[in-house]
Amino acid sequence: MIKVNVEVNNKPWHKKIKSPKRYFSKKLKKIPKILPFFKRKNVIFTIFLTNSLGIKKLNKKFRKQNKPTDVLSFPFFSKKKFKLNKVKNMYIGDIATCYEIINVRSKKTNFFLEFDKAWVHGLLHLVGYNHLKNKDYFKMDRIEKKNYKFNHLIIRVLICFLY
């Protein structure tokens, strides 16, 4: 089972997502179908929904990059310690996402699709995936695409149903 703590410090997030906790509880039920690792663990993480200034400060403090970005991940474990960890209940880390960057990207697609891409990407980093090497990039990309296709299909069905 996957649980999430949601922290919001930017009002526009509430305009797009009325109940962030409910939004994530629905999405997180689908993750174990894509990543079997989550079937064996009770995992908790925090997602921080912020703006470009908030994420820019985090990016500068932790990555020495003085610019905003769409998503940042702060894993609680190194990849090696994460794989060796036999504990069933574990806190895996924090994710921060930027409203403005996701909103701009969504002009070409859909806000929820872009948002899901960002936080799923962050979640994969929390469980040890990275994209430093080409083979790791392609492995991570393949998992992300499975999630996008699954969510995109649901969004299309909802759009057809609503209109």
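Since the model is a prediction, treat every value here as computed from it, not as a measurement.

## Things to note about the pairing of strand E2 (residues 42-50)
As paired elements, strand E1 (residues 2-8) and E2 share seven bridges and run parallel to each other. Pairing of Lys-3 across the sheet is with Ile-44, part of E2. When E2 meets strand E4 (residues 89-98), the two strands line up parallel, connected through nine bridges. Bridging from a neighbouring strand, Phe-45 pairs with Gly-93 of E4.

## Observations regarding the nonpolar core
Grouped together as the largest cluster of nonpolar side chains are 28 residues, with contacts concentrated most on Phe-45, Phe-115, Trp-119 and Leu-123. Contributions of two or more residues to this core are made by E1, helix H2 (20-28), E2, E4, helix H6 (99-105) and helix H7 (111-126). Here this core takes eight residues from H7, the largest share from any one element.

## Structural notes on the pattern of salt bridges
Counted under the stated rule, the structure contains three salt bridges. Here Asp-116 ties to Lys-27 by a salt bridge, and the two come within 2.8 Å at their closest N and O atoms. Within this pair, whereas Asp-116 is found in helix H7, its partner Lys-27 is found in helix H2, the two being separated by 89 residues in sequence. According to the relative accessible area criterion, Lys-27 is buried, its value standing at 10%. Of the charged contacts, one joins Glu-114 and Lys-117 as a salt bridge, the two residues approaching to 3.5 Å between their closest N and O atoms. One end of the pair is Glu-114 and the other is Lys-117, both in helix H7 and three residues apart, which spans about a single turn. Note on Lys-117: relative accessible area 27%, which makes it partly exposed.

## Digging into helix H4 (residues 52-63)
Along its 12 residues, H4 runs 15 Å from first to last C-alpha, staying within 8% of the 16 Å computed at 1.5 Å per residue. Turning to H4, its buried residues are Gly-54, Ile-55 and Asn-59. The buried residues of H4 all sit within an arc of 130° when viewed along its axis, so they share a single face. Exposed side of H4, more than 90 degrees from the buried face: Leu-53, Lys-57 and Lys-61 are the residues found there. Check the buried side of H4 and you find it contacts E2, strand E3 (71-75) and E4. Among the residues trailing H4, Lys-64 stands out with phi positive, at a value near 60°.

## Here we look at the packing of aromatic side chains
Per the stated rule, a full pass over the model turns up 14 aromatic pairs. Ring geometry for Phe-111 versus Phe-112: centroids 5.7 Å apart, planes at 90°, classification edge-to-face. On the accessibility criterion, Phe-111 (6% relative accessible area) is buried. Take Phe-112: its relative accessible area is 28%, and that puts it in the partly exposed class.

## What to know about the confidence of the model for the protein
Summing up the model confidence of the protein, the mean pLDDT is 80 and the portion of residues at 70 or higher is 74%. At the level of individual helices and strands, the protein shows its lowest average pLDDT in helix H8 (residues 134-162), which scores 52, and its highest in H4, which scores 95. Here residues 152-163 is modelled with pLDDT under 50, and outside its nearest four sequence neighbours on either side it reaches six contacts, counting other chains as well.

Quick notes on the rules
Residues numbered from 1 in each chain as written. Predicted model: local features only at pLDDT ≥ 70, side-chain atom pairs only at ≥ 80, totals over all residues. Heavy atoms only, no water. Pairing = 2+ DSSP bridges. Helix = DSSP H or I, 4+ residues; strand = E, 2+ residues; numbered from the N terminus. Core = buried A, V, L, I, M, F, W, Y, C linked by side-chain atoms within 4.5 Å. Buried < 20%, exposed > 50% of the residue type's maximum accessible area, 1.4 Å probe, protein only. Salt bridge = Lys/Arg side-chain N within 4 Å of Asp/Glu carboxyl O. Expected span 1.5 Å × (residues − 1). Arc of directions from axis to C-beta. Contact = heavy atoms within 4.5 Å. Phe/Tyr/Trp six-rings, centres within 6.5 Å; stacked < 30°, edge-to-face > 60°. pLDDT = per-residue confidence, 0-100.

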